[in-house]
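Coordinate inspection notes
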Amino acid sequence: IEAADHAVTHSMLKWEKLPAPNPLLFYGVQGVSMAEVDSPSYFNIIEASQVVEIIKGLLSSSNVTVSTGEIGVIAAFRQQVLKLRNLLRNANLGNINVGQVEDFQGAEHKVIIISTVLASSDLIERLRGPSTHLLNKY
């Protein structure tokens, strides 16, 4: 966007984990989608742990400057949000904003991490079904 401040829009491009010159990092995780007995929501603790490690890497980088208040984590499922918040609090990173998509309406963050949670194509197909309407085909 031409009107955007170049110093802001390009400020994270020097992070050593980014495949230059891309401002996006896709990080595959071999995790397991799980659910609590009393909840229809899913979580993936392996993926959540990796999100925390990525955040620690960002904050400890000597190539970029970012604060915890400039990082947001979006998760598709409420249980993943709760697991991420707990892991981040345990790592003294509790003021990182973690929520579902609607929690970020109108917000701006220097870094957004998206936690997709689901690790099985069978589970994805089941959630696409007529009884859930969670992942409708468009």
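Preceding block: the structure.
Residues numbered from 1 in each chain as written. Predicted model: local features only at pLDDT ≥ 70, side-chain atom pairs only at ≥ 80, totals over all residues. Heavy atoms only, no water.

1. Description of the pairing of strand 5 (residues 111–115)
What counts here: Using a 1.4 Å probe on the protein chains alone, a residue whose accessible area is under 20% of its type maximum counts as buried, one over 50% counts as exposed, and one in between counts as partly exposed. Comment: elements are numbered from the N terminus, with helices defined as DSSP H or I runs of at least four residues and strands as E runs of at least two. What makes two strands pair is DSSP finding at least two bridges between them.
In strand 5, alternate side chains face the same way, and those of V111, I113 and S115 are buried while those of I112 and I114 on the opposite face are not. Looking at chain direction, strand 3 (residues 71–75) and strand 5 are connected through five bridges and run parallel. Its bridge partner being in strand 5, I74 is matched across the sheet by I114.

2. Thoughts on a nonpolar patch on the surface
What counts here: A patch is a set of surface residues, each over 30% in relative accessible area and not in a salt bridge, joined within 9 Å for like charges and within 5 Å for the nonpolar side chains Val, Leu, Ile, Met, Phe, Trp and Tyr. A 1.4 Å probe and the Shrake-Rupley method give the accessible areas. Residues count as covered only by the protein chains that appear here. Salt bridges, as used here, are contacts in which a Lys or Arg side-chain nitrogen is within 4 Å of a carboxyl oxygen on Asp or Glu.
On the surface, V32, M34, I45 and I46 cluster together to form a nonpolar patch covering roughly 300 Å² of accessible area. Its place among the elements puts M34 in strand 1 (residues 34–35). Assessed through its relative accessible area of 33%, M34 is described here as partly exposed.

3. What to know about the environment of V52
We count it as follows: The contact definition used throughout considers only heavy atoms, calling two residues in contact when any of these lie within 4.5 Å.
Structurally, V52 can be placed in helix 2 (residues 45–60). Classification of V52 as buried rests on a relative accessible area of 5%. In this structure the C-alpha to C-alpha distance between V52 and L84, which are 32 residues apart in sequence, comes to 7.7 Å. When sequence neighbours within four positions are dropped, the list of residues in contact with V52 reads L87, L88 and A91.

4. Considerations on helix 3 (residues 78–90)
As a reminder of what qualifies: A helix's residues, less one, multiplied by 1.5 Å, set its expected span.
Along its 13 residues, helix 3 runs 19 Å from first to last C-alpha, staying within 8% of the 18 Å computed at 1.5 Å per residue. Burial in helix 3 covers these residues: Q79, Q80, V81, L84 and L88. At its buried positions, helix 3 is contacted by strand 2 (42–43), helix 2, strand 3, strand 4 (97–99) and strand 5.

5. Looking at the pattern of salt bridges
Summed over all chains, the structure comprises two salt bridges. Across the pair E36 and K83 runs a salt bridge, and its minimum N-O distance is 2.9 Å. Remark: K83 occurs in helix 3 and E36 occurs in the loop between strand 1 and strand 2; sequence separation between them is 47 residues. Judged by its relative accessible area of 23%, K83 is partly exposed.

6. What to know about the layout of surface pockets
In plain terms, the rule: Both site types are read off a 1 Å grid over the protein atoms alone. A 1.4 Å probe that fits but cannot get out defines a cavity, while an open set with protein on both sides within 12 Å along at least five of seven lines defines a pocket; lining residues have an atom within 4 Å of a point. Grid points are joined across faces, edges and corners, and a volume is the space filled by probe spheres set on the points. Classification used: nonpolar for Ala, Val, Leu, Ile, Met, Phe, Trp, Tyr, Cys and Pro, charged for Asp, Glu, Lys and Arg, polar for all others including Gly.
Approximately 930 Å³ is the volume found for the largest pocket. Lining the largest pocket we find 30 residues, and of these L24, L25, I112, I113 and I114 sit closest to its centre. Mapped by element, the contributors of at least two residues to the lining of the largest pocket are helix 1 (6–9), helix 2 and strand 5. Classifying every residue of the lining of the largest pocket by side-chain character gives 20 nonpolar, eight polar and two charged.

7. Examining the side chain of N44
This is how it is decided: Within 3.5 Å is the distance limit for a polar contact, defined as a pair of N or O atoms, with the added protein rule that one can donate a hydrogen and the other accept it, and that residues adjacent in sequence qualify only through two side-chain atoms.
Relative to the helices and strands, N44 is located in the loop between strand 2 and helix 2. At 3.1 Å, the side chain of N44 and the backbone nitrogen of E47 are in polar contact.

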